[in-house]
Amino acid sequence: MQDPQIYMIVAGAGLTGLAMLSTTLLAAWRGWLALKRQQMAIASEQRDFGGQQSAAGQRIEIADLKERIRKLEAIAAGVDL
């Protein structure tokens, strides 16, 4: 017959290990969330700066989009460019 203290020691060690693992995983989860928040903030800042183009830059972009539309319409009509 085994000593009941052995069971208590093993159970305590198991609970301690589980607590350590849980704490580590929680810290990793919080770090991952912080990383994602930082990535979202950077993406938001880039979108904000991208919307403040000069008038010339906006005209060039619109002209480029119009040219793409013309090419797509030509392809749809079967015209060779």
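Each remark here, short or long, concerns the structure printed above.
Residues numbered from 1 in each chain as written. Predicted model: local features only at pLDDT ≥ 70, side-chain atom pairs only at ≥ 80, totals over all residues. Heavy atoms only, no water.

K.L.:
Quick one: what's the story with the overall build of the chain, residue by residue and with numbers?
P.N.:
Counting its secondary structure elements, the chain contains two helices and zero strands. Residues classed as buried in the chain amount to 1% of the 81 residues present. (Helix = DSSP H or I, 4+ residues; strand = E, 2+ residues; numbered from the N terminus. Buried < 20%, exposed > 50% of the residue type's maximum accessible area, 1.4 Å probe, protein only.)

K.L.:
Please provide a residue-by-residue account of the packing of aromatic side chains, values included.
P.N.:
Enumeration over the complete set of coordinates arrives at one aromatic pair. Between W29 and W32, the ring centres sit 5.4 Å apart and the planes meet at 25°, which makes this aromatic pair stacked. With a gap of three residues between them, W29 and W32 both fall in helix α1 (residues 4-50), about one helical turn apart. A relative accessible area of 42% means that W32 is categorised as partly exposed. (Phe/Tyr/Trp six-rings, centres within 6.5 Å; stacked < 30°, edge-to-face > 60°.)

K.L.:
An account of helix α2 (residues 55-77) is requested, with residue identities and associated values reported.
P.N.:
A rise of 1.5 Å per residue sets the reference length of α2, with its 23 residues, at 33 Å; its end C-alpha atoms lie 33 Å apart and thus fit the reference within 8%. Two residues or fewer past α2, G78 is found with a positive phi of approximately 90°. (Expected span 1.5 Å × (residues − 1).)

K.L.:
Can you explain the pattern of salt bridges? Please cite residues and give values.
P.N.:
A complete count under the given rule lists two salt bridges for this structure. Among the ionic pairs, D64 bridges to R68, the shortest N-O distance being 3.5 Å. In this pair, D64 and R68 are both assigned in helix α2, four residues apart and thus about one turn of the helix distant. E67 is the partner of R70 in a salt bridge, and the nearest nitrogen-oxygen pair spans 2.8 Å. In this pair, R70 and E67 both sit in helix α2, three residues apart, roughly one turn of the helix. Residue class for E67 comes out partly exposed when judged on its relative accessible area of 33%. (Salt bridge = Lys/Arg side-chain N within 4 Å of Asp/Glu carboxyl O.)

K.L.:
With reference to specific residues and values, describe a nonpolar patch on the surface.
P.N.:
A cluster of nonpolar residues, L15, L18, L21 and L25, forms a patch on the protein surface that exposes about 420 Å² of accessible area. Position of L21 among the secondary structure elements: in helix α1. (Patch = residues over 30% accessible without salt bridge, like charges linked within 9 Å, V, L, I, M, F, W, Y side chains within 5 Å. Areas by Shrake-Rupley, 256 points an atom, 1.4 Å probe, with all protein chains shown as cover.)

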